[in-house]
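Structural overview
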Amino acid sequence: MTDGSPVPRRPAPSAAAGAGALLQLLRDGTPRTRSELSALTGLARSTVTGRVDALLAAGLIAPTGETASTGGRPPATFAFNPAARIVLGADLGATHARLAVTDLAGNVLAATTADLDIALGPKAVLDWTVEHGLALLAEVERPASDLLGIGIGLPGPVEHDTGRAVNPPIMPGWDGFDVPAYVSERIPVPVMVDNDVNIMALGEHFTAWPEYEHLLFIKAATGIGCGIIAAGQVYRGAQGAAGDMGHIRVAGADDVHCRCGNTGCLEAVASGAAIARNLTAQGIEAGGSLDVVELARAGSVPALRLVRQAGRDIGEVLAGAVNFFNPSIIVIGGSLALAGDHLIAGVREVIYQRSLPLATRHLRIAAARTGESSGAIGAGVMVIEHALDPARLDAITEIKTNG
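Bear in mind the structure is a predicted one, so any value in this text is a computation, not a measurement.

Considerations on the pattern of salt bridges
Tallied over the full model, the rule gives 15 salt bridges. Between Asp91 and Arg98 there is a salt bridge, with its nearest N and O atoms 3.9 Å apart. Arg259 is the salt-bridge partner of Glu267, the closest N and O atoms lying 2.7 Å from each other. Because the salt bridges share partners, they merge into one network encompassing Asp91, Arg98 and Glu372.

Structural notes on the packing of aromatic side chains
Applying the stated criterion to the full structure yields 2 aromatic pairs. The residue whose ring lies beneath Arg27 is Phe80, and the NZ or CZ to ring-centre distance is 6.0 Å.

Looking at the side chain of Asp194
By the element assignment, Asp194 lies in strand 10 (residues 191-195). Engagement of the side chain of Asp194 in a polar contact is seen with the side chain of Asn198, the distance being 3.0 Å. Apart from residues no more than four positions distant in its own chain, Asp194 is found in contact with Ile152, Gly153, Leu154, Val158, His160, Ile199, Val234, Arg236 and Met382.

Quick look at the environment of Val197
Checked against the element boundaries, Val197 lands in helix 6 (residues 196-208). Sequence separation between Val197 and Gly93 is 104 residues, and the spatial gap between their C-alpha atoms is 10 Å. Ignoring anything within four residues of it in the chain, the contact list for Val197 reads Phe217, Lys219, Gly225, Cys226 and Gly227.

Structural notes on the pairing of strand 5 (residues 96-103)
Judged by how many residues are buried, strand 5 sits mostly within the fold: 8 of 8 residues are covered. Burial along strand 5 is two-sided: His96, Arg98, Ala100 and Thr102 and Ala97, Leu99, Val101 and Asp103, pointing in opposite directions, are all buried. For strand 4 (residues 86-92) and strand 5, the ladder comprises 7 bridges, and the chain directions are antiparallel. Residue pairing for strand 5: Leu88 is matched across the bridge by Val101. Linking strand 4 back to strand 5 in an antiparallel pair, the connection comprises 3 residues.

About the criteria used
- The numbers attached to residues start from 1 for each chain and follow its sequence in the written order.
- In view of the model being predicted, local features appear only for residues whose pLDDT reaches at least 70, and side-chain atom pairs are presented and counted only at 80 or more, with totals across whole chains, interfaces and linings using the full set of residues.
- Calculated side-chain values reflect all of the structure's heavy atoms, with hydrogen atoms and water omitted.
- Any Lys or Arg side-chain nitrogen located within 4 Å of an Asp or Glu carboxyl oxygen qualifies as a salt bridge.
- Stacked, tilted and edge-to-face pairs are distinguished by plane angle, under 30 degrees for stacked and over 60 for edge-to-face with tilted covering the rest, among Phe, Tyr and Trp rings (Trp via its six-membered ring) whose centres lie within 6.5 Å.
- Charge-over-ring placement is defined geometrically: NZ (Lys) or CZ (Arg) within 6 Å of the ring centre, and within 35 degrees of the ring normal.
- Helix numbers and strand numbers start at the N terminus; a helix is a DSSP run of H or I with at least 4 residues, a strand a run of E with at least 2.
- Distance and chemistry together define a polar contact, namely a pair of N or O atoms within 3.5 Å, with one atom able to donate a hydrogen and the other to accept it when in protein, and with adjacent residues in sequence counting only for side-chain atoms on both sides.
- Pairs of residues are marked as contacts when any of their non-hydrogen atoms sit within 4.5 Å.
- For every residue, the accessible area (1.4 Å probe, protein chains only) is compared with the maximum for its type, and the residue is labelled buried under 20%, exposed over 50%, or partly exposed between those bounds.
- Strand pairing is defined by DSSP finding a minimum of two bridges between the two strands.

What follows is the structure, encoded as structure tokens:
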């Protein structure tokens, strides 16, 4: 992780588990001997030895020294080796791009950000991503052959299994475009794609809140979206549309038209763009979310009042989600959250009033901690978790687990 804290607790593998499952125990960074691994897993010492040797050969673990001897030769210890491979994460927003190269523990080795309009189309945007991604690899002096994979987040609905955007409202030319195929032709590694809110949720959970297995991440910016972490994993739904809370109806807003074609959507009344339009109608110039944030920070009473009401509107939608999903924590992020405590205060006000006491008894509502890097980190984490999953690890590392 970026802060050096351990990854979320993972279940001990069963006796039938292979080397991939054994690696999950070692991903917390704690050095262990073969005997300790045998005791933790219930695997025979000879089986553990074979799987440790396979992981050593793959470079995924490394010797870390020896423990004190109780008689005879001191036993060697082994730990996860995050430097074995690297990943490239890309967070492509409506008007920005953020890239990060991380190791297998999510530590950022190099990063870059730039203004980039997603409306330029998939080829122009992905060519930029490949070019600058390769430049980051050169910066950290690692060849493309060290890449475990590339993760990409897009600002629109994504069919996760295929990596294709589906009817994205602000992404002309992207509908149905085969992003993984296009990128992997230029850098021949596995490519995974998801929507930007999911990767932000994953990055925020991985780096800042690993102890919470049920998390809702709210991105309040030009639009409004929600990333869902259920039992420690991203929940995407049947077609990848889970968490699209921006188009849930808000009571009393039937006369407000949304870009989706409906009226009364949360995004149409509580997003940064909606607040900016409201302020402009009052004679206060505001072009978007960042202008709203600047006005709120400067103490503009109309801006603060609208941000607080946006929090209440978001809280109204989330109150139902709290009763239905029962999260451990709700994390509020996105550019609008930079306006200060007013947005979160509005969210808290309604949730604690409208949700069931049992669902809110231990509920935490907090501001995001990871900042602008959460998306790029989360895109990389998406690749790491997929590749190091015990069910897939053997094929990727050529480890045989029948020993």
